[in-house]
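Residue-level listing of the chains:
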Amino acid sequence: MPWIIIAAIATASSVTVLALVNVYLYSRYKERFLKLWAFAWGVHVCRYLFLILTVLWPANLVFKEINYLCIIASAVILLAGTRNFIGSPPRRGFASTGTLLALWAVGTVSAGMSTLYTIIPIFAFLAFTYIHIGIQVLKHAEQGETASRVVGWLFIAWGIHQADYPLLRPIEWFAPWGFLIGSVLATGIAIGMILIYFERMHRGLQEKETRHLNLIESSHNWIWEVDTNACYTFASPQVKELLGYAPEEVIGKTPFDLMPEEEASRIGAIFAGISSRRESFHRLENSNRHKDGRLVVLETSGVPYFDGHGNFLGYRGMDQDITERKLSETRREVSREVLQVLNEPGDLKGAVQRVIDLLKVKLDLAAVGIRLQEGEDYPYWSQSGFPQAMLELENTLVERSADGGLCRDQDGKVRLECTCGLVISGQVPQGHPNVTPGGSFWTNDSSLLLGVPPAQDPRHNPRNVCMHRKYASMALVPIRYKDKIVGLIQCNDHQKDRFTPESLQHLEGIAAYVGAALMRKWSEEERVTLENQLQQAQRMESIGRLAGGVAHDFNNMLGVIIGHAGLGLMDTAQGEPIHLHLQEIYKAAERSADLTRQLLAFARKQAIKPQVLDLNETIAGMLKMLQRLIGEEIHLCWQPGSKIWPVKMDRSQIDQIMANLCVNARDAIASVGNITIRTGIVSVDDSYRLHRPEAAHGEYVWISVSDDGEGMDRETLSHIFEPFFTTKGVGAGTGLGLATIYGIVTQNKGFVNVVSEPGQGATFTIHIPRHSGADEAGTTQEEVQELPRGRETILLVEDEPAILQMTTMLLESLGYVVLTAGSPSEAIRLAQRGPGSIDLLMTDVVMPEMNGRDLAGAVTKGHPRLKCLFMSGYTADIIAHHGVIDDGLFFIQKPFSLPVLAAKLREVLEQV
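Everything numeric here is computed off the predicted structure, so don't read it as measured data.

**Q** Is there a simple way to explain the packing of aromatic side chains in this structure?
**A** The tally for this structure, following the rule as stated, stands at 11 aromatic pairs. Centroid distance phenylalanine 312 to tyrosine 315: 5.7 Å. Interplanar angle 75 degrees. Geometry classified as edge-to-face. Here phenylalanine 312 matches tyrosine 315 in class, with each residue buried. Of the aromatic side chains, those joined through ring pairs into one cluster are Phe256, Phe271, Phe281, Phe306, Phe312 and Tyr315. The ring of phenylalanine 312 has arginine 278 lying over it, and the distance from NZ or CZ to the ring centre is 4.0 Å. In this structure, arginine 371 is placed above the aromatic ring of tyrosine 380, and the distance from its NZ or CZ to the ring centre is 3.9 Å.

**Q** How should the pairing of strand β1 (residues 222–226) be read in this particular structure?
**A** Along any regular strand, the residues point their side chains to alternate faces of the sheet. In terms of burial, β1 is a largely internal element, 5 of the 5 residues being buried. Of the two faces of β1, both are covered, the one formed by Trp222, Trp224 and Val226 as well as the one formed by Ile223 and Glu225. Between β1 and strand β2 (residues 232–235), which pair antiparallel one after the other, the connecting turn spans 5 residues, and alanine 230 there sits at a positive phi close to 65 degrees.

**Q** Is there a simple way to think about a nonpolar patch on the surface in this case?
**A** A cluster of nonpolar residues, Leu546, Val550, Phe554 and Met557, forms a patch on the protein surface that exposes about 360 Å² of accessible area. Looking at the secondary structure, you find leucine 546 in helix α16 (residues 501–571).

**Q** Sorry, what's going on with the pairing of strand β10 (residues 484–493) here?
**A** The buried count for β10 comes to 9 of 10 residues, which makes it a mostly enclosed element. Here 6 bridges tie strand β6 (residues 367–372) to β10, and the two strands are oriented antiparallel to one another. Note that in β10 the partner of glycine 369 across the bridge is glutamine 490. Where strand β9 (residues 473–481) folds back on β10, the antiparallel hairpin that results is connected by 2 residues, among which lysine 482 adopts a positive phi of roughly 55 degrees.

**Q** In this structure, what is going on with the nonpolar core? I would like to understand it.
**A** Nonpolar side chains tend to gather and get buried jointly when the protein is soluble and globular. By size, the foremost hydrophobic cluster in this structure holds 41 residues, and its most contacted members are Trp41, Phe155 and Trp158. Of all elements in the fold, only α1 (2–29), α2 (32–56), α3 (61–86), α4 (92–110), α5 (115–139), α6 (146–168) and α7 (174–218) reach the threshold of two or more residues within this core. With residues near it in sequence (within four places) discarded, phenylalanine 155 still touches Leu78, Thr82, Tyr130, Ile131, Ile133, Gly134, Val137, Ile189 and Met193. Listed in part, the 37 residues of the second largest apolar core include Ile657, Ile681, Leu738 and Ile744.

**Q** I would appreciate a short explanation of the sheet that holds β1 in the present structure.
**A** Hydrogen bonding along the main chain pairs the strands of a sheet, whether they run parallel or antiparallel. Taken together, the 5 strands give an open sheet; going across it, the order is β2-β1-β5-β4-β3, and neighbouring strands pair in antiparallel fashion. If you trace the sheet from one side to the other, it starts and ends with β2 and β3 (281–289), each paired once. Across the sheet, the mean angle separating the axes of adjacent strands is 30 degrees when strand polarity is ignored. Note that strand β4 (residues 295–306) and strand β5 (residues 312–321) share 9 bridges and pair antiparallel. Counterpart to proline 304 in the pairing with β5 is tyrosine 315. The sheet strands contacting helix α10 (residues 261–276) are β3 and β5, and the helix crosses β3 at an angle near 155 degrees. Lying on the sheet, helix α11 (residues 323–343) is in contact with β3, β4 and β5; it crosses β4 at an angle near 130 degrees.

**Q** Whenever I open this one, the environment of leucine 567 confuses me. Can you help?
**A** Within the element layout of this structure, leucine 567 appears in helix α16. Its relative accessible area of 9% is what places leucine 567 among the buried residues. With 15 residues separating them in the primary sequence, leucine 567 and leucine 582 have C-alpha atoms 9.5 Å apart. Not counting the four nearest positions on each side in its chain, leucine 567 is found in contact with Met809, Leu810 and Ser813.

The rules behind these values
- Residues numbered from 1 in each chain as written.
- Predicted model: local features only at pLDDT ≥ 70, side-chain atom pairs only at ≥ 80, totals over all residues.
- Heavy atoms only, no water.
- Phe/Tyr/Trp six-rings, centres within 6.5 Å; stacked < 30°, edge-to-face > 60°.
- Buried < 20%, exposed > 50% of the residue type's maximum accessible area, 1.4 Å probe, protein only.
- Lys NZ or Arg CZ within 6 Å of the ring centre and 35° of its normal.
- Helix = DSSP H or I, 4+ residues; strand = E, 2+ residues; numbered from the N terminus.
- Pairing = 2+ DSSP bridges.
- Patch = residues over 30% accessible without salt bridge, like charges linked within 9 Å, V, L, I, M, F, W, Y side chains within 5 Å.
- Areas by Shrake-Rupley, 256 points an atom, 1.4 Å probe, with all protein chains shown as cover.
- Salt bridge = Lys/Arg side-chain N within 4 Å of Asp/Glu carboxyl O.
- Core = buried A, V, L, I, M, F, W, Y, C linked by side-chain atoms within 4.5 Å.
- Contact = heavy atoms within 4.5 Å.
- Axes fitted to C-alpha atoms, helices over the stretch in contact; angles between N-to-C directions.

Structure (structure tokens):
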């Protein structure tokens, strides 16, 4: 007996430990099967306690009954807990069978029946129950679960042990060992079940962690965790994609360490308030600095987390990259602000500068500039961020030859250098990965262009200054005006990967806005300029008509003076005092005639004889004369352009233009200085006329005269071509020099440009249309050594009596027979009265009744072989088309001297 008590106590102790372990695990993890196991082992402990009592007091049937009931109850509860563990619902039949067995056990014990009648059904039930549990455990064992298989076989072994227990129980020496075997099996089963639970829980945690990691890795967002000091304790791999840092690089850092200074202060203040209240936060936008330096905008959400005791541990959350979305919003905002700025009234250049500042700040660029056409070059019109040294070096795009002249292609267009020139000239290679369909060029790594072989580089004379200035990202976007490229927007940044096709499309939209604003501004300026030009043309035309009329009348008077002075000189000896006076009168009248010729040139009514000229040869032949004219203290520099086109104009007009310009340049230089004469060619198209609207389309040869004198302000420049306007002192100038040049150039369908600033000298550029016809040899009038005379009859027609009388005297002094008429009708009567007796009709152009051309037509009807010589103080459209004498017509300009008249008469009369 004592051995049985000892074995029961030992078994009860081990089972008690199992019950207590299950109670602790249940209180910790709240699993239902642990609770059932704890009840089952607790009931099992009671069974051994009552077994001991039964051994001590065998006559007490209650102890025996309770012992049997505990065996049945523990088996049923253990079965329910195990099936709950393996996920199978308990069967109602077991509970019913257990109830019946309990009733049977109580009944047999109370009836005093043999013990075998009681224990055989009970242990058969236990054997079946434990073997069934073992089979269920083995059936539900997962792959790799060794503990489940061991526990299953232990249950089966325990069931077998329960089956043989009634047979071996009566053997006294075996009974204690039976208890020990059952205790070992039960303990092994309990421990195994706990191991299975924790093994499955661990595997579940691993699967959950793996699942979470997979979810984290499959997310586009950056998952993070920070402690109470806002230091990162966990960072998912997405941080590498978002900010360029490996997860381990951000552990220990705070979010504010990854932000620009101002942004870190702003977000730090916001987070401090949120953290102090332990609040969640959602979609907090913040700018972070990528590892490569560029800005990345993140949208952050986070929630606080706590330990089991409610202590605050930090925040967990995620960051989403919203850079592209913010860029899109920024682009829309920039476009709206740009439109608003460009549509505001005011100075366009100021508005464009504000646009540049907007682009630089809002798009976070290092430098932004706008180039616009100025003449044939494209300098920076406005910029922000470019170093001054670079601007001075890169301001011009045109290629120049060794002598400083412009280089042109086979079509006569200037050649533009580097990448900017490639974009502006519209020669970007279509289909190139760095070229957009809109003609923009962009790169996110400009250093790659340095390695391009010259044969594959589409740029003309690449300078690579931007690359050497460490600008990695670059975008060049053309600005168009009337379907022509008139400039570009240049965006540079030191960081790589700053541009995308979407950002280029946005910049092209901005360029379109700028082009539209320029179009409005330039159209308005062009309208105002045209109105001013119209008013100026009307004013100049009025002045011209006045000047022409005055010159005509004045020439008539000068003709009388010169004629009578000439006759007086012929009739007096050189030694007589009157001869000297007559000479002075004659010279003064000649100088006055020169003045009237200048007035006529201004009025564009002087008679000219154009011829095809090479301006380089013409000007080269004048250099000695011009040097004498300006004096030795002024250095005259001659820089002829190569391969200039021919022009057609009067050679004397070139002489007059060059003399006037050089004299003006000399007068503008205080003491010593330089005058530079250059020539070249230019093609005028719509883009050229943006800044020179007075120029007509076509090809021109230009002459420029530059000095380093005092220069002129804008007020002076607005008046320089007006007659009698002069900046020289009283008696130092007539004010007709530049007015004469203006008249000559305009008469030849050219135009004049003047560039000057106070203290910077002045440059006058004369543009003469290119002559495309066949070359014509110029003719020069040979000087007449002696007065030719004649005996022919001349019909002289002049409505001014003084001119009629004086001219008659000149003709008669040369031996001619003169018929005079004071009006066209009188001349017609004289011609009809004496047919065949008149050799030459010499008539004024502008007269009452009819003009000289109509008179000649009327007179020559009866005298078909009659020759005609027209004379006038100016040429009218009657005998001239735009100031050019018709071929076959003879003309003499009033006032004329006796030698000139004598030579012209013989020229006309001796014509075959």
